[in-house]
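Take a look at the letters that make up each chain.
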Amino acid sequence: MENPTIVNEILDHIPSIEWSVSYEDEPVSLFETTIRYVGGLLSGYDLLKGPLAYLCHDSSKVDALLQQAVNLANNLSYAFDTPTGIPYNNLFFGNRSNDGATNNGLATIGTLVLEWTHLSDLSGNPIYGTLTQKAESYLLNPQPATSEPWPGLLGSSVNISNGLFIDAYGGWGGGNDSFYEYLIKMYVYDSSRFGEYKDRWVLTADSSIAHLASHPSSRPYLTFLAEFNGTNLTLQSGHLACFDGGNFILGDLVLKQQEYIDFGLALVAGCEDTYNSTLTGIGPEQFSWDASSVPSNQSVFYERAGFYIEDAQYILRPEVSESFYYAYRATGKRVYQDWAWNAFFAITKTTRVGSGYSEITDVNAPAGGDFTNFQHSFLFAEVLKYSYLIHAPDAEWQVNHNGKNEWVFNTEAHPFKVAGTPI
């Protein structure tokens, strides 16, 4: 939002951060720290070295953003010291140990490569990209074959010691989501280096359309993506999965495949339905459309809405607003701005409390039920950012600027300057 006062306060603070310790030696998540902290530092560096450089009172202070990203990655890098190079996720910085886990997840392994590759590109040190791309290689070439019930659709957990998947349960929801998201985004970042990632995304997208697309019996024109266990479907999804429409739309923008934008826009409309069907105008954490399992107290709701609620919380998640943003940037249609405004208005009306915002317990209860008095940082990084960008003037960091993508957003909505030719 181009506020120089805030920018310069942050630039003054960044050099003072000591990354080698954590609060009360709590475990540090490699995944969360990468997407939020490393991603945020690199994005700030790109923007303040580029189109927003005029906001800096002292341009030399911008270099500290990259240096602190390097310092943080150096502190995290021992996570990859495993027999396979697949990292541990939960780290204890005090004695440079980990939680002893035997497995790591699809998303927590597969959502590091964009940030760490970009760090290598900016710093000139290839080690960061090398570490994450080695871990990613087990996901691009999954074994055993039973962990890939349909081409491109994978199980959720990988053994750290041998690199083998241990299940065939998955979908586009939490624990798997951003692995699929990053396959196409790595191609956007540099199409000359990451064509294999694009190829895997195409397999995933085509298999999802062919095998996971599902339509509620009460409203068959709605489209959701089911979860799976092997080749058996579970007709449920959740807020986290609602980034999927935007990801399909991005796939069309760079691959020029009409099927992807058509399907993506259908997914966006389905997720918008989860918002406009509730009392608060906000979608639930988890929902289902399995007609054989509709709770008796939600039968009327299911007939009207096309889904029933399994977990009624809203924890300030961004995915629906994110997909509205991609839909608008691809089509220019006002309806997606309207949907984004409706979501923003409902979120601020229902979750604002005291000096901030809170999770709520029930999106289909008056006033959202109760406050839990917890506020996630992704409210600011993503919900408010996408709500702003969809109405903001066009700029080079916007998706589909002049028909190209000069920047790519990481999963926490931090924009990176692409390394390759913009596509």
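Rules behind the numbers
- Residues numbered from 1 in each chain as written.
- Predicted model: local features only at pLDDT ≥ 70, side-chain atom pairs only at ≥ 80, totals over all residues.
- Heavy atoms only, no water.
- Helix = DSSP H or I, 4+ residues; strand = E, 2+ residues; numbered from the N terminus.
- Polar contact = N/O pair within 3.5 Å; in protein donor to acceptor, adjacent residues only side chain to side chain.
- Contact = heavy atoms within 4.5 Å.
- 1 Å grid on protein atoms, 1.4 Å probe; cavity = no way out; pocket = protein on both sides within 12 Å on 5 of 7 lines; lining within 4 Å.
- Points joined across faces, edges and corners; volume = space filled by probe spheres on them.
- Nonpolar A, V, L, I, M, F, W, Y, C, P; charged D, E, K, R; others polar.
- Salt bridge = Lys/Arg side-chain N within 4 Å of Asp/Glu carboxyl O.
- Buried < 20%, exposed > 50% of the residue type's maximum accessible area, 1.4 Å probe, protein only.
- Disulfide = S-S within 2.5 Å.
- Pairing = 2+ DSSP bridges.
- Expected span 1.5 Å × (residues − 1).
- Core = buried A, V, L, I, M, F, W, Y, C linked by side-chain atoms within 4.5 Å.

Participant: Looking at this model, I keep getting lost on the side chain of T274. Mind explaining?
Facilitator: Summarising the element assignment, T274 is placed in helix α10 (residues 258–276). At 2.6 Å, the side chain of T274 and the backbone oxygen of C271 are in polar contact. Non-local contacts of T274, meaning those with residues more than four positions away in its chain, are made with F224, I282, G283, P284, F287 and F307.

Participant: Teacher, can you tell me more about the layout of surface pockets here?
Facilitator: A probe matching the size of a water molecule, rolled over the atoms, marks out where space remains unfilled. The space that makes up the largest pocket amounts to roughly 1,600 Å³. Looking at the largest pocket, it is lined by 43 residues, and the ones nearest its centre are M1, I10, L47, K385 and H414. Of all the secondary-structure elements, those providing two or more residues to the lining of the largest pocket are α1 (4–13), α2 (30–49), α13 (334–351) and α14 (378–389). Take the lining of the largest pocket: its biggest share by element is eight residues, from α2. Each residue belonging to the lining of the largest pocket can be placed in one class, and the counts come to 29 nonpolar, nine polar and five charged.

Participant: It is not clear to me how the pattern of salt bridges should be interpreted in this structure. Could you clarify?
Facilitator: In the structure shown here, the tally under the stated rule is 15 salt bridges. As a salt-bridge pair, K185 and E181 come within 2.7 Å of each other at their nearest N and O atoms. With K185 and E181 both in helix α7 (residues 177–189) and four residues apart, this pair spans about one turn of that helix. For the pair K185 and E181, a shared accessibility class is recorded, and that class is buried.

Participant: Honestly, the state of the cysteines in this entry has me stumped. Any pointers?
Facilitator: Two cysteines joined by a covalent bond between their sulfur atoms form a disulfide. Within this structure, the stated rule accounts for one disulfide. Residue C242 pairs covalently with C271 via a disulfide, S to S 2.0 Å. The S-S bond linking C242 to C271 shows a torsion near -90°; that makes this disulfide left-handed. In this pair, C242 is assigned in the loop between β11 (236–238) and α9 (244–255) and C271 in helix α10, connecting sequence segments 29 residues apart. Residue classification places C271 among the buried residues on the basis of a relative accessible area of 6%.

Participant: Could you clarify how one ought to interpret α14 in this entry?
Facilitator: Each α-helix winds once per 3.6 residues, and so residues spaced three or four apart point in a common direction. Taken together, the buried positions of α14 are F378, L379, A381, E382, V383, Y386, S387 and L389. The secondary structure elements touched by the buried residues of α14 are α2, α12 (319–331), α13, β15 (356–357) and β16 (407–409).

Participant: Could you clarify how one ought to interpret the sheet that holds strand β2 (residues 90–92) in this entry?
Facilitator: In sheet architecture, strand pairing relies on hydrogen bonds along the backbone and comes in two forms, parallel and antiparallel. Taken in spatial order, the three strands of this open sheet run β1-β2-β3, and their pairing is antiparallel. Edge positions in the sheet fall to β1 (28–29) and β3 (97–98), since each has one partner strand and no second. Both β2 and β3 contribute to a ladder of two bridges, which runs antiparallel. Note on β3: the bridge partner recorded for L91 is N98.

Participant: Before we go on, may I ask you to explain α9 in this structure?
Facilitator: Here α9 is twelve residues long and its end C-alpha atoms lie 16 Å apart, about the 16 Å a rise of 1.5 Å per residue gives. Across the twelve residues that make up α9, a large majority, twelve, are buried. Considering only its buried residues, α9 is in contact with α7, α8 (195–212), β8 (224–225), α10 and α12. Phi turns positive, to about 60°, at K256, one or two residues after α9.

Participant: What is the right way to look at the sheet that holds strand β9 (residues 227–229) in this model?
Facilitator: Strand order in this open sheet of three strands is β6-β9-β10, and the pairing throughout is antiparallel. Looking at which strands have only one partner, the edges of the open sheet turn out to be β6 (169–170) and β10 (232–234). Strand direction decides the pairing type here: β9 and β10, joined by three bridges, are antiparallel. Bridge pairing in β10 links F228 to L233.

Participant: What am I meant to see in the nonpolar core here?
Facilitator: In a soluble, globular protein the nonpolar side chains are often hidden away together inside. Core analysis: the largest hydrophobic core is formed by 130 residues, its most contacted members being L48, L76, W172, F248 and Y314. Apart from residues lying up to four places away in sequence, L76 is in contact with V28, L30, T33, T34, V38, L91, F93 and W116.

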